[in-house]
Amino acid sequence: PGTTPLASWRSRRCLGMGVRPVIWLRGYGADGATLHAERVPQAIVVTGRARCEAVRRAAGLGAEVAVLDDGFQRLDVARRLDVLLVSAESVAAPPWLLPAGPWREAWSAARRADLVVVTTKCAATGPVCGVIARLQALGISRAHLAVAELRLVRLTELDTGRPVPLPALRGSRVLVACALAHP
């Protein structure tokens, strides 16, 4: 639901405060790590299952704070700020936990979050407000809720790496490749 862009943004904010981050992600593929390395070149980017070991190695390289990309469900990691992203488009999915359904944890786990960000790519206002109401019913206050709209802002040519202005594509046939779970 947007964990990679949020983790990159948070890491850039850390750098702006003079704190060097390590960005850790599980690394199901190389795309997330590559995106972080491009977006936040001053950060240390590590992937792998051995999260604690990777963060320790990064601390030895100068990292002062760890930013986890998609780590809310990792209860074995101490944290100072816990941000949960909830996709407005996914709330209609069956309420079952993995492996029977799409959810890693029950909705009540949202109470652990310091901030819950409801993300939307194309959901109308009604579903977004429905998610907010559901979170508020769990006791999460408006002060701990935010909404983020995820939208396409730039395209890059795959073979050259050059940016392509979106209006330049009007009337053209294009092939789009995306490595996101729900593009």
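Every value quoted in this text rests on a predicted model; they were computed, and no experiment measured them.

### With respect to helix α4 (residues 125-137)
Part 1 of the argument: Taking 1.5 Å per residue as the helical rise, α4 with its 13 residues ought to reach 18 Å, and the 18 Å between its terminal C-alpha atoms agrees with that figure.
Part 2 of the argument: Along α4, the positions that sit buried rather than exposed are Val 128, Val 131, Ile 132 and Leu 135. Summarising the axial view, the buried residues of α4 lie within an arc of 95 degrees, below the 170-degree limit, and thus occupy one face. Opposite the buried face of α4, by more than 90 degrees, sit the exposed residues Gly 126 and Ala 137.
Part 3 of the argument: Against the buried residues of α4 lie β4 (83-87), β5 (115-120) and β6 (145-149).
Part 4 of the argument: Backbone geometry just downstream of α4 places Gly 139 in the positive-phi region, at approximately 100 degrees.

### Some details on the packing of aromatic side chains
Part 1 of the argument: Inspection of the entire model under this criterion finds one aromatic pair.
Part 2 of the argument: In this structure, Arg 134 packs its charged tip against the face of Trp 107, placed 3.9 Å from the ring centre.

### Considerations on the confidence of the model for the chain
Part 1 of the argument: A residue-level look at the chain finds 95% of positions with pLDDT of 70 or above and a mean pLDDT of 88.
Part 2 of the argument: When pLDDT is averaged over each helix and strand of the chain, the minimum, 82, is found for strand β7 (residues 155-156) and the maximum, 95, for β5.

### Structural notes on the sheet that holds β4
Part 1 of the argument: Pairing within the open sheet is parallel, and its three strands lie in the order β4-β5-β6. Strand pairing shows two members of the sheet lacking a second neighbour, β4 and β6, which therefore form its edges. If you compare each strand with its neighbour and ignore which way they point, the axes differ by 25 degrees on average.
Part 2 of the argument: Where α4 meets the sheet, it contacts β4, β5 and β6, and its direction lies at approximately 160 degrees from that of β5.

### Things to note about the pattern of salt bridges
Part 1 of the argument: In the structure shown here, the tally under the stated rule is six salt bridges.
Part 2 of the argument: The salt bridge involving Arg 56 is made with Glu 53; its shortest N-O contact spans 3.8 Å. Taken as a pair, Arg 56 and Glu 53 lie in helix α3 (residues 51-60) at a separation of three residues, close to a single helical turn.
Part 3 of the argument: Residue Arg 56 is classed as exposed on the basis of its relative accessible area of 56%.
Part 4 of the argument: Measuring nitrogen to oxygen at the nearest pair gives 2.9 Å for the salt bridge that ties Arg 79 to Asp 82.
Part 5 of the argument: With a relative accessible area of 30%, Arg 79 lands in the partly exposed category.
Part 6 of the argument: According to the relative accessible area criterion, Asp 82 is buried, its value standing at 7%.

Rules used throughout
- In this numbering scheme, every chain counts its residues from 1 along its sequence in written order.
- Only residues with pLDDT of at least 70 get local features here, since the model is predicted, and only at 80 or more are side-chain atom pairs given and counted; chain-wide, interface and lining totals rely on the full set of residues.
- Excluded from the side-chain calculations are hydrogens and water; all other atoms, namely the structure's heavy atoms, are used.
- In this text, helices come from DSSP runs of H or I with a minimum length of four residues, and strands from runs of E with a minimum of two, each type numbered from the N-terminal end.
- For a helix, the expected span equals 1.5 Å multiplied by the number of residues minus one.
- Three labels apply to residues, based on accessible area from a 1.4 Å probe with only protein chains included: buried if under 20% of the type maximum, exposed if over 50%, partly exposed otherwise in between.
- It is the directions from the helix axis to the C-beta atoms whose arc is reported.
- Working rule for contacts: check all heavy atoms of both residues, and any pair within 4.5 Å makes them a contact.
- Here the aromatic set is Phe, Tyr and Trp, taking the six-membered ring for Trp, and pairing holds for ring centres within 6.5 Å; pairs whose planes are under 30 degrees apart are stacked, those over 60 apart are edge-to-face, and all others are tilted.
- To sit over a ring, a charge needs its Lys NZ or Arg CZ within 6 Å of the ring centre and within 35 degrees of the ring normal.
- Predictor confidence is given residue by residue as pLDDT, running from a minimum of 0 to a maximum of 100.
- Paired strands are those between which DSSP finds at least two bridges.
- For helices, the fitted axis covers only the stretch in contact; all axes are lines through C-alpha atoms, and the angles between them, taken along N-to-C directions, range from 0 to 180 degrees.
- For salt bridges, the criterion is a side-chain nitrogen of Lys or Arg within 4 Å of an Asp or Glu carboxyl oxygen.

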